[in-house]
Amino acid sequence: MRSDFVDKDCKFMDEGELSIYFEFDSYDTMIMETENYTNKNIEHWKRYFTDPAIFNNESADWNEKADWESFSKDFNNGLLSLPSGFIRMQAYGAL
């Protein structure tokens, strides 16, 4: 499972994005843990970067205030909530 954390103000550059890849022991475990993490059933998931309105900040579905500096600090200090039940995790991106 890949989870992307993106600063919507910097998404067109190579900075302001962190992708974390999580490996689970089974597909069912991945779905269950991701549903728990997002607090949404798989039927309600959205692929944000396949919807141009969301990607271009023209949708109310993405209404969080961007604060990449705060996110970076929280991630580096282990204060971010992440999925559980994974076997391995690997992060890529610019923090």
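Before any of the text, the structure's been laid out above.
Notes on the structure in this doc start here. The structure presented is a predicted model; accordingly, all values stated were derived computationally and were not measured.

1. A short note on the pattern of salt bridges
In step 1: Per the counting criterion, the structure on display carries 2 salt bridges.
In step 2: The closest approach of N and O atoms between Arg2 and Asp4, which form a salt bridge, is 2.7 Å.
In step 3: Assessed through its relative accessible area of 48%, Arg2 is described here as partly exposed.
In step 4: Its relative accessible area of 25% is what places Asp4 among the partly exposed residues.

2. Brief notes about the nonpolar core
In step 1: By size, the foremost hydrophobic cluster in this structure holds 10 residues: Phe5, Leu18, Ile20, Phe22, Phe24, Met30, Ile31, Trp68, Phe71 and Phe75.
In step 2: The set of elements that each furnish at least two residues to this core consists of β2 (17–23), α1 (27–38) and α3 (68–76).
In step 3: Once you skip the residues sitting within four places of it in the chain, Phe22 turns out to touch Met1, Ser3, Leu82, Pro83, Phe86, Arg88 and Met89.

3. With respect to the packing of aromatic side chains
In step 1: Counted under the stated rule, the structure contains 4 aromatic pairs.
In step 2: Look at Tyr21 and Tyr92: their rings are 5.7 Å apart centre to centre, the planes differ by 75 degrees, and that puts the pair in the edge-to-face class. Within this pair, whereas Tyr21 is found in strand β2, its partner Tyr92 is found in strand β3 (residues 88–94), the two being separated by 71 residues in sequence.
In step 3: On the basis of relative accessibility, which here comes to 37%, the residue Tyr21 falls in the partly exposed class.
In step 4: Of the aromatic side chains, those joined through ring pairs into one cluster are Phe5, Phe71 and Phe75.

About the cut-offs
- Residues numbered from 1 in each chain as written.
- Predicted model: local features only at pLDDT ≥ 70, side-chain atom pairs only at ≥ 80, totals over all residues.
- Heavy atoms only, no water.
- Salt bridge = Lys/Arg side-chain N within 4 Å of Asp/Glu carboxyl O.
- Buried < 20%, exposed > 50% of the residue type's maximum accessible area, 1.4 Å probe, protein only.
- Core = buried A, V, L, I, M, F, W, Y, C linked by side-chain atoms within 4.5 Å.
- Helix = DSSP H or I, 4+ residues; strand = E, 2+ residues; numbered from the N terminus.
- Contact = heavy atoms within 4.5 Å.
- Phe/Tyr/Trp six-rings, centres within 6.5 Å; stacked < 30°, edge-to-face > 60°.

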